[in-house]
Amino acid sequence: ALINGLSKIPTHQKKTVYLCQLLIRIEKGKNLECCFENDQRISPLESALSFWTLLEKEEIKLEKLHEDIRRLIQIQIIAVHMENGYFKEAAEVLERLFTDSETDKPLRVKLATVIKSKDPYLPLLQTFSYSLLISKIKSYVELFMKENETNFLIQAATKQVESKGLGATALQNKTVNVNENHKWNLKTKQRFVLSIILLRDVLGHGRMRNCCLNVDSSLIWMYINCLLGLNSLQNVEKNGGALDYGRRRQRWTYKEDLALKSGIREFGVGNWAKILIHGDFNNRTSVMLKDRWRTL
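Okay, so let's go over this structure. For every chain, the first residue of the written sequence is number 1, and numbering continues from 1 along that sequence. Given that the model is predicted, a residue must reach a pLDDT of at least 70 before its local features are reported, and side-chain atom pairs must reach 80 or more before they are shown or counted; all residues, however, enter totals for whole chains, interfaces and linings. Note: side-chain values were computed over all heavy atoms of the structure, leaving out hydrogens and water.

## Details of the packing of helix H3 (residues 63-83) against helix H4 (residues 87-97)
The angle between two axes is taken between their N-to-C directions and runs from 0 to 180 degrees, where each axis is a line fitted to C-alpha atoms and a helix contributes only its stretch in contact. Numbered from the N terminus, helices here are DSSP runs of H or I no shorter than four residues, and strands are runs of E no shorter than two. Closest axis-to-axis distance for the H3/H4 pair is 8 Å, and the angle between their directions is 165°. Relative to H4, the element H3 is oriented roughly antiparallel. Handedness of the crossing formed by H3 with H4: right-handed. Between H3 and H4, the contacting residues are Gln74, Ile77, Ile78, His81 and Met82 on the first element and Phe87, Glu89, Ala90, Val93, Leu94 and Leu97 on the second. Only Asp, Glu, Lys and Arg are considered charged in this grouping, and only Ala, Val, Leu, Ile, Met, Phe, Trp, Tyr, Cys and Pro are considered nonpolar; every other residue, Gly among them, is considered polar. Residues of the contact of H3 with H4, tallied by class, amount to 8 nonpolar, 2 polar and 1 charged. Should an angle lie under 35 degrees it is considered roughly parallel, over 145 roughly antiparallel, and from 65 to 115 roughly perpendicular; all remaining angles are considered oblique. In this scheme the handedness of a crossing depends on how the near helix is turned from the far one: anticlockwise by less than a right angle means left-handed, clockwise means right-handed. Residues are treated as being in contact if the distance between any of their heavy atoms lies within 4.5 Å.

Put into structure tokens, the structure is as follows:
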């Protein structure tokens, strides 16, 4: 929106911009010193209301939620002014907020009565509280996020795999035997493998460019290759999946105990990730190593 101008971006992106603008103003809603508009009289919540109006125009299927949030914003605009002792300003806001339409009249009359009382703790203001407004906004945001989920990572990973000639189509179409309770595993496993391949390649480019990471990049490199070796879809299909492995109790073998002790001698207690990578373990995790050492 900053680069191209709001008028030139697609509708679905406009909604994202409007929502961000709304959230910024809601967050500052109780601070009357904060100003988002050229007109200094316009409070953050009154400014938020204008963006809520724009969001309402973009969709019609959430009428009840829209109505609830609009009413809460309107009431809280008045409430915040009254809490700060600005009763005259609250009356002026009321005039700006409401038209002469019959649908607005009941609420307008009630708010006018509230302002005349000069009591910011009346039941109406307490019932339609700021915390309730925040709760309703969160509900709206959750719905928005569900509708606008992005598969950016999986798409980027797939392109990367295809460019490397690793058969992304075959990988995505690979069938995995899962029972009724774990049908979601297939998508999770595909995402996992593709994402790990992408991460490995990105780290590879970083190493070639002498990119400095905050962690031991060689360790990450080994760990990712290790993950790919243990969790390829072929192994998942053969062994029933990494998640199922995690749920099954596996007895520790004498050989694994020796590998654990050897790793601790070499790397020290606490360096479980290094011990895991360099040792010969059967589908173990760093946490499993730590728990086994405590047991020993």
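Read on for the rest.
## Thoughts on the pattern of salt bridges
Salt bridge, as used here: a side-chain nitrogen of Lys or Arg that lies within 4 Å of a carboxyl oxygen of Asp or Glu. Under the definition given, this model contains 11 salt bridges. Measuring nitrogen to oxygen at the nearest pair gives 3.0 Å for the salt bridge that ties Glu83 to Lys30. Of this pair, Glu83 sits in helix H3 while Lys30 sits in the loop between helix H1 (11-27) and helix H2 (44-58), placing them 53 residues apart in sequence. Relative accessibility under 20% of the residue-type maximum defines a buried residue, over 50% an exposed one, and the middle range a partly exposed one, all with a 1.4 Å probe and only protein chains included. A relative accessible area of 40% means that Lys30 is categorised as partly exposed. A salt bridge links Arg71 to Asp68; the nearest nitrogen and oxygen atoms lie 3.3 Å apart. Pair noted here: Arg71 and Asp68 are both in helix H3, with a separation of 3 residues, about one helical turn. Judged by its relative accessible area of 30%, Arg71 is partly exposed.

## Comments concerning the packing of aromatic side chains
Any two rings among Phe, Tyr and Trp, with Trp reduced to its six-membered ring, count as a pair given centres within 6.5 Å; such a pair is stacked if its planes are under 30 degrees apart, edge-to-face if over 60, and tilted if neither. Tallying each qualifying case throughout the model produces 3 aromatic pairs. Consider the rings of Tyr18 and Phe51, whose centres lie 6.4 Å apart with planes at 50°: the pair is tilted. Placement of Tyr18 in helix H1 and of Phe51 in helix H2 is noted, with a sequence separation of 33 residues between them. On the basis of relative accessibility, which here comes to 8%, the residue Tyr18 falls in the buried class. Judged by centre distance (6.2 Å) and plane angle (70°), the ring pair of Trp252 and Phe281 falls under edge-to-face. On the criterion of sequence distance, the pair formed by Trp252 in the loop between helix H13 (242-247) and helix H14 (254-267) and Phe281 in the loop between helix H15 (272-278) and helix H16 (286-295) is long-range, its members being 29 residues apart. Across the pair, exposure class does not vary: Trp252 and Phe281 are buried alike. Definition used: whenever NZ (Lys) or CZ (Arg) falls within 6 Å of the ring centre and also within 35 degrees of the ring normal, the charge is taken to sit over that ring. Of note, Arg284 hangs over the ring of Trp252, and the distance from its end group to the ring centre comes to 4.2 Å.

## Some thoughts on H14
The terminal C-alpha atoms of H14 lie 20 Å apart, and with 14 residues this matches the ideal 20 Å at 1.5 Å per residue to within 8%. Those residues of H14 not exposed but buried are Glu256, Asp257, Ala259, Leu260, Gly263 and Ile264. In a view along the axis of H14, the buried residues occupy a sector of 160°, so they form one face of it. Within H14, the exposed residues directed more than 90 degrees away from the buried face are Tyr254, Lys255, Arg265 and Glu266. Buried residues along H14 sit in contact with H15 and H16. Gly268 lies just past H14 and shows a positive phi near 95°. Helix span, as expected, comes to 1.5 Å for every residue beyond the first. Taking the helix axis as origin, the arc is that swept by the directions to the C-beta atoms.

## Some details on unusual backbone geometry
Phi at Lys118 is positive, roughly 55°, even though this residue is not glycine. With respect to the helices and strands, Lys118 occurs in the loop between helix H5 (105-117) and helix H6 (123-127). Positive phi, normally seen in glycine, also occurs at Asn283, with a value near 50°. The residue Asn283 is located in the loop between H15 and H16 in this model.

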